[in-house]
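# Analysis of the macromolecular model
Okay, here's what each chain looks like letter by letter:
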Amino acid sequence: MNSFYKFARKMLLPMLAVVLTFTGVVVAGPTAKAAASPSTDAYVYYVSDGDLYRVRMDGTSAQKIRDNFFGVELKPAGDYLFQLFDEKSTTLLKLSMVDSKAKAADFSGDKRILHYVTEGNFVYCMDDKGGIYRVPAEAKKVVEGTLIADMADTKHPGFTVLGGKVYYNALKNGRTTWVASKSADGSGAVQWIASGALQSPYYIHKENNTLYLMVDTKPTETEYSLNSMVLYTMPVTGGTAKALNPKAPLDANAVLSGSWAGDYYLFNKGIRVGSDSDFDYTKGKGFLLDKAGKIIQLNQTGVYEIAALGGNRFAYVDAKGKAYVSTLASGKIANTKAIALNNVGYVRNLISDGKVRSTVLFAESGAYVLNSDLSLTKMVGVEWDLCVYKEDVAGVFYVNAGDNGRLYWMSEDGKTTKKLTDEKVSRIVLISKN
């Protein structure tokens, strides 16, 4: 893997994941499902000269939120923003979006917070004792909330809130790690889903009315490469989970180097970790695991990035930085077409209501809209490493190097741009509907 891909993997992917529940920018081919109209009313939060601001995506209501802003994992709830001081911090801070003069308050109190998420007007926090709390955003401390689950596995603290339930790793009988769920308000009993752990919230995925969970069945093992990953499905509304490959668990490295692609999971069979401790995609081969548990070979080399386009079509980037679109038929790849672009690092979808609106390719030469005929439209002014977008929000936001680092918005077809700030922007930290 050349230096461009190494840099992209280390720098862009964390930014995408943190800033916006990332899922892409633009193609809806003729076979793609119709997507709901995305929102045109949202805020973009950004840092300028060390201070935190927000502005509506129409360029109005610019507001300074905080002087001298530091922090990570910025998330909104109610009239507040919540954050950690740094990646190792266990202190959860609360910022007012109304009073920019108010000091950041310690929301965690005497709790050490290992992981947190926000949903609507609530903050969900896991402490180092294995308790998960549901706390109103206006509360002063975590202890004012409701303990909705205990015996969470603090060695695997990642959890998510989805469809009115909390999905987390729990200690069954106080000893064995299981993936479990509990009603988000704490009512009802714990549902024990599968023995093992979700290595991060990324490994639970909703597609239409189905949940997909990639479970590590040997979470306490320390070896790098184990045949331990089993894919489960279950209805979003609840019910018994079904293991798709219980007799043939996937290699952990193959899974960790892969990603979700609609109803499929991409993994790289035979992949190895290189001398730089990053995955060497040239040593693997790309495969898809479908919702029936069938394995389909996608590519002769490792597949670095993938996006499901609908109609059993997939856009993907291989180990050589080449991009392709392949179509499945009768359980195998029926045809593959190359995309006229070199040194591609990423391919992502913009999503509304769970449906693909469009698709974008990020290459060394810039960001490009992928059209339905597989032609490309360059998004002029968009630098791939300073471009962010969010599910259910229209267009993309970017720092325009051609205008001395000002914040811009661009429509998904690349035809309309709008300047949002007069001050120079160093980074975009959050896009939110409040």
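One can find the structure itself at the top, above this paragraph.
What this report covers is the structure whose coordinates are included nearby.

The rules we used
- Residues numbered from 1 in each chain as written.
- Predicted model: local features only at pLDDT ≥ 70, side-chain atom pairs only at ≥ 80, totals over all residues.
- Heavy atoms only, no water.
- Core = buried A, V, L, I, M, F, W, Y, C linked by side-chain atoms within 4.5 Å.
- Buried < 20%, exposed > 50% of the residue type's maximum accessible area, 1.4 Å probe, protein only.
- Helix = DSSP H or I, 4+ residues; strand = E, 2+ residues; numbered from the N terminus.
- Contact = heavy atoms within 4.5 Å.
- Phe/Tyr/Trp six-rings, centres within 6.5 Å; stacked < 30°, edge-to-face > 60°.
- Lys NZ or Arg CZ within 6 Å of the ring centre and 35° of its normal.
- Pairing = 2+ DSSP bridges.
- Axes fitted to C-alpha atoms, helices over the stretch in contact; angles between N-to-C directions.

This part covers the nonpolar core. Nonpolar side chains tend to gather and get buried jointly when the protein is soluble and globular. Ranked by internal contacts, the top residues of the largest apolar core, which has 28 residues, are L213 and M214. When contributions to this core are tallied by element, the ones reaching two or more residues are β15 (191-195), β17 (210-216), β18 (227-235), α2 (252-256), β22 (264-269) and β25 (285-289). Discounting residues that sit within four places of it in the chain, M214 has contacts with A197, L198, Y203, M229, V230, L231, V255, W260 and Y265. Counting 20 residues, the second largest nonpolar core, distinct from the first, contains Y304, L350, V360 and Y389.

On to unusual backbone geometry. Phi is positive for S61, close to 60 degrees, though the residue is something other than glycine. Note that S61 resides in the loop between β2 (51-56) and β3 (63-66). Residue S61 is classed as partly exposed on the basis of its relative accessible area of 42%. The backbone of N312 sits at a positive phi, close to 60 degrees, despite the residue not being glycine. A relative accessible area of 38% means that N312 is categorised as partly exposed.

This brings us to the packing of aromatic side chains. Inspection of the entire model under this criterion finds 15 aromatic pairs. Centre to centre, the rings of W178 and W192 are 6.5 Å apart; their planes meet at 85 degrees, and the pair counts as edge-to-face. On the criterion of sequence distance, the pair formed by W178 in strand β14 (residues 176-183) and W192 in strand β15 is long-range, its members being 14 residues apart. Centre to centre, the rings of Y264 and F314 are 5.2 Å apart; their planes meet at 90 degrees, and the pair counts as edge-to-face. Highlighted residues: Y264 in strand β22 and F314 in strand β28 (residues 313-318), separated in sequence by 50 residues. Looking at F314, the relative accessible area reads 2%, which means it is buried. Of the aromatic side chains, those joined through ring pairs into one cluster are F279, Y281, Y304 and Y346. One cation-aromatic arrangement involves R54 over Y43; the distance from NZ or CZ to the ring centre is 3.9 Å.

Okay, the sheet that holds strand β1 (residues 43-48) next. Spatial ordering of the open sheet is given by β3-β2-β1-β39, a layout of four strands whose pairing is antiparallel. Only two strands of the sheet have a single partner each, and these edge strands are β3 and β39 (427-432). Across the sheet, the mean angle separating the axes of adjacent strands is 30 degrees when strand polarity is ignored. Pairing analysis gives six bridges linking β1 to β2, with the strands arranged antiparallel.

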